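Spelled out from the first residue to the last, the chains are:
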Amino acid sequence: MPATVSIRRCANYQSEAIQQAVGEAVAAVVDLRALVENKAVLIKVNLLFNAPPPRAVCTHPEVVRALIRLAREAGAADVAVGDMPAMHLTDQPEIAFRESGIEAVCREEGVRMCPFSQNGYREVPVPNSRQLPTVIAAKDVLDAPVVINAPKLKSHTQALYTGAIKNWFGVVANATRKASHELAGLEPYSGSLVDIFSVRPPDLTVMDAVVGMEGRGPSEGKPRHLGLILASRDAVALDTVALECVDYTRLNVPHVRLAGQAGLGEADLARIAIDGPPLREVTVSFALPPKAFGQPPRFMIHFAFLLWHIRPKMHTDLCQRCGACVRQCPVGAIEIGRKNARIDRKKCIECFCCHEVCPHNAIGEDMTVAYRIHRWFHQWHTDRRRLQG
Ligand code: SF4
Ligand code: SF4
């Protein structure tokens, strides 16, 4: 049977509209009662850090509410909402739950919040691993009878795109996150994302794509309205369809491709059944993430480091010396100076984790002229190809 992805339109986050769209999207792909009745259900949200809903960083609380109610109505014995924010909030995840609005929804609906550090982690082997022979994953996820994945659709500076598969990065402990970030290059890093996802894939994925994020995601991009809820039993198929919805299929996002090759789901759009409006009617062309331009052209290869690079840049006037980037950096390349944070270029592996978590937008990108030209040309070329059909 082909993988099915359902798509439902939902214009905004008004509670009834979300509940209807989520309910219809889920009903189109699964008999929820058969999946959850008399079982404990964990809803794994995207809670990157303490960002309120208008910033479109975290899964919207109304989507979480809709999933809680659906699981309950279908007879779940227990429902909990869990995640672990970025490394700089490891010791105070409650801040992210509170400011994202998810804490209030959990309280109103009477369900548990589940910061994964509370119950702890377990090291598990990764069969046929690409990069990580073992991962240290949250017991809450490993041991949950049913896990519902509730990602947010966003661009991603390092992984190019974050959705269903990348949402599993929040499942693992800091040691595994660091090991993943330390892998140099997009392909190895993407392989590690697939390793993480593979240890306990979700039973159902419901994506918040009402407002996504384009450009400099997953935290500093622009919120962009799409007006969609997507659902599938197959997270890889859902990501494949979501990429098409934002015109990112052209990026050939490595972690989605690798997950398909690993047999974790369907990554071939032609083999996925869509339940909902035709893709051409819902597609919105998202601005690309800054690192979306592949390898340098051949003739530049010897001068690549000097001519063609993108690396983090500190906007010293915006830095508030809060230390979030220091705690997030996997290689200890940032220290707090007298006036602002400073990046040690020799240590930096250009993973952009600091850019992801800076609450004051003080870390941007430093691109060479060659990189900018290549980026402009790539955008122009792909837009032209798309217009030509
Ligand atoms: S760069 Fe951003 S995250 Fe780092 S110390 Fe400054 S304000 Fe905080
Ligand atoms: S300074 Fe920023 S980009 Fe460089 S390694 Fe640290 S977190 Fe990654």
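Predicted model only: the values in this text are computed from it and were never measured.

Conventions we followed
- For every chain, the first residue of the written sequence is number 1, and numbering continues from 1 onward in sequence order.
- Each chain gets a letter, beginning with A, and each ligand a number, beginning with 1, in the order they are written.
- Since the coordinates come from a predicted model, pLDDT governs what is reported: local features require at least 70, and pairs of side-chain atoms require 80 or more to be given and counted, while whole-chain, interface and lining totals use all residues.
- Computation of side-chain values: all heavy atoms of the structure, hydrogens and water removed.
- Source of the domain bounds: an automatic or database domain assignment.
- In this analysis, two residues are considered to be in contact whenever any of their non-hydrogen atoms come within 4.5 Å of each other.
- Throughout, buried area stands for the accessible area (probe radius 1.4 Å) lost by two parts on being put together, summed over both.
- Take a side-chain nitrogen of Lys or Arg and a carboxyl oxygen of Asp or Glu: if they are within 4 Å of each other, that pair is a salt bridge.
- N or O atoms closer than or at 3.5 Å make up a polar contact, with two conditions inside protein: a donor-capable atom paired with an acceptor-capable one, and, for residues adjacent in sequence, both atoms drawn from side chains.
- Ten residues, namely Ala, Val, Leu, Ile, Met, Phe, Trp, Tyr, Cys and Pro, are considered nonpolar, four, namely Asp, Glu, Lys and Arg, are considered charged, and the remaining ones, Gly among them, are considered polar.
- To form a nonpolar core, buried Ala, Val, Leu, Ile, Met, Phe, Trp, Tyr and Cys residues must be joined to one another through side-chain atoms within 4.5 Å.
- Exposure classes here rest on a 1.4 Å probe applied to the protein chains alone. A residue is buried below 20% of its type maximum, exposed above 50%, and partly exposed in between.
- Numbering of helices and strands runs from the N terminus; a helix is a DSSP stretch of H or I covering at least four residues, while a strand is a stretch of E covering at least two.
- To estimate the expected span of a helix, subtract one from its residue number and multiply by 1.5 Å.
- The criterion for a residue being near a molecule or strand is simple. One of its heavy atoms has to lie within 4 Å of it.
- Patch membership requires more than 30% relative accessible area and the absence of a salt bridge. Residues of like charge join within 9 Å; the nonpolar side chains Val, Leu, Ile, Met, Phe, Trp and Tyr join within 5 Å.
- Only the protein chains shown count as covering a residue, and every accessible area follows the Shrake-Rupley method with a 1.4 Å probe.
- Axis definition: a line fit to C-alpha positions, over the contact stretch in the case of helices; interaxial angles, taken between N-to-C directions, run 0 to 180 degrees.
- Handedness of a crossing is defined here by the sense of rotation of the near helix relative to the far one, left-handed for an anticlockwise turn of less than a right angle and right-handed for a clockwise turn.

### A few points about the domain arrangement of the protein chain
Domains assigned within the protein chain are domain 1 (3–282) and domain 2 (298–387). One C-alpha centre belongs to domain 1, the other to domain 2; they are set 26 Å apart. Listed by partner, the interface residues are 20 residues for domain 1 and 23 residues for domain 2. Across the interface of domain 1 and domain 2, roughly 1,800 Å² is buried in total on both sides, 49% from carbon and sulfur atoms. When the buried surface of domain 1 facing domain 2 is broken down by residue, His88, Glu220 and Arg250 rank first, second and third, together holding 33% of it. On the surface where domain 1 and domain 2 come into contact, there are one salt bridge. The closest approach of N and O atoms between glutamate 365 and arginine 216, which form a salt bridge, is 2.5 Å. Joining domain 1 to domain 2, the criterion identifies four residue pairs in polar contact (both at pLDDT 80 or more). Of the residues assigned to the side of domain 1 that touches domain 2, the class counts are six nonpolar, seven polar and seven charged.

### Some details on the pattern of salt bridges
This model, assessed by the stated rule, comprises 23 salt bridges. By sharing partners, the salt bridges in this structure join Glu62, Arg65, Arg69, Glu108 and Glu109 into a single network.

### Thoughts on the nonpolar core
Among the nonpolar cores identified, the biggest contains 60 residues, and Leu153, Tyr161 and Leu230 are the most heavily contacted of them. Take this core: its biggest share by element is eight residues, from helix 10 (residues 235–245). Counting residues in each nonpolar core, the second largest holds 53 residues, with Cys10, Val26, Val29 and Ala231 among its members.

### Quick word on the environment of alanine 324
For alanine 324, the position within the fold is in helix 14 (residues 324–328). Through-space distance from the C-alpha of alanine 324 to that of alanine 137 is 23 Å; in sequence the pair is 187 residues apart. The contacts of alanine 324, once residues within four sequence positions are left out, are His88, Val357 and Pro359.

### Thoughts on helix 1 (residues 15–27)
What sets the pattern is the α-helix's 3.6 residues per turn: residues three or four places apart point alike. The end-to-end C-alpha separation of helix 1 is 18 Å, in line with the 18 Å expected for 13 residues at 1.5 Å each. Along helix 1, the residues classified as buried are Ser15, Ile18, Ala21, Val22, Gly23, Ala25 and Val26. The inward-facing, buried residues of helix 1 abut strand 1 (3–9), helix 2 (32–36), helix 3 (61–73), strand 10 (204–214) and strand 11 (222–232).

### Considering the site of ligand 1
Surveying the vicinity of ligand 1 reveals 15 residues, the closest of which are Cys319, Gln320, Cys322, Cys325 and Cys358. Along the lines of polarity and charge, the residues of the shell around ligand 1 split into 11 nonpolar, three polar and one charged.

### Quick look at unusual backbone geometry
A cis amide bond links glycine 217 to the next residue, proline 218, at an omega of 10°. The residue proline 218 is located in the loop between strand 10 and strand 11 in this model. Phi at asparagine 128 takes a positive value of approximately 50°, unusual for a residue other than glycine. When you line up the elements, asparagine 128 lands in the loop between strand 5 (121–125) and strand 6 (134–138). Backbone geometry places aspartate 247, a non-glycine residue, at a positive phi of 65°. For aspartate 247, a relative accessible area of 12% corresponds to the buried category.

### Description of the site of ligand 2
In the neighbourhood of ligand 2, 13 residues make up the surrounding shell, with Cys329, Cys348, Cys351, Phe352 and Cys354 lying closest. The residue makeup of the shell around ligand 2, split by class, is 12 nonpolar, no polar and one charged.

### Focus on a nonpolar patch on the surface
There is a patch of nonpolar side chains on the surface, built from Trp376, Phe377 and Trp380 and spanning about 380 Å² of accessible area. Its location among the elements puts tryptophan 380 in helix 16 (residues 369–387). Using a relative accessible area of 40% as the deciding quantity, one classes tryptophan 380 as partly exposed.

### Notes on the packing of helix 10 against helix 11 (residues 254–261)
Where helix 10 contacts helix 11, the axes come no closer than 10 Å and their chain directions differ by 145°. Crossing of helix 10 against helix 11: the hand is left-handed. Here helix 10 contributes Val236, Asp239, Thr240 and Leu243 to the contact with helix 11, which in turn contributes Val256, Ala259 and Gly260. Here the residues of the contact of helix 10 with helix 11 are counted per class, giving four nonpolar, two polar and one charged.

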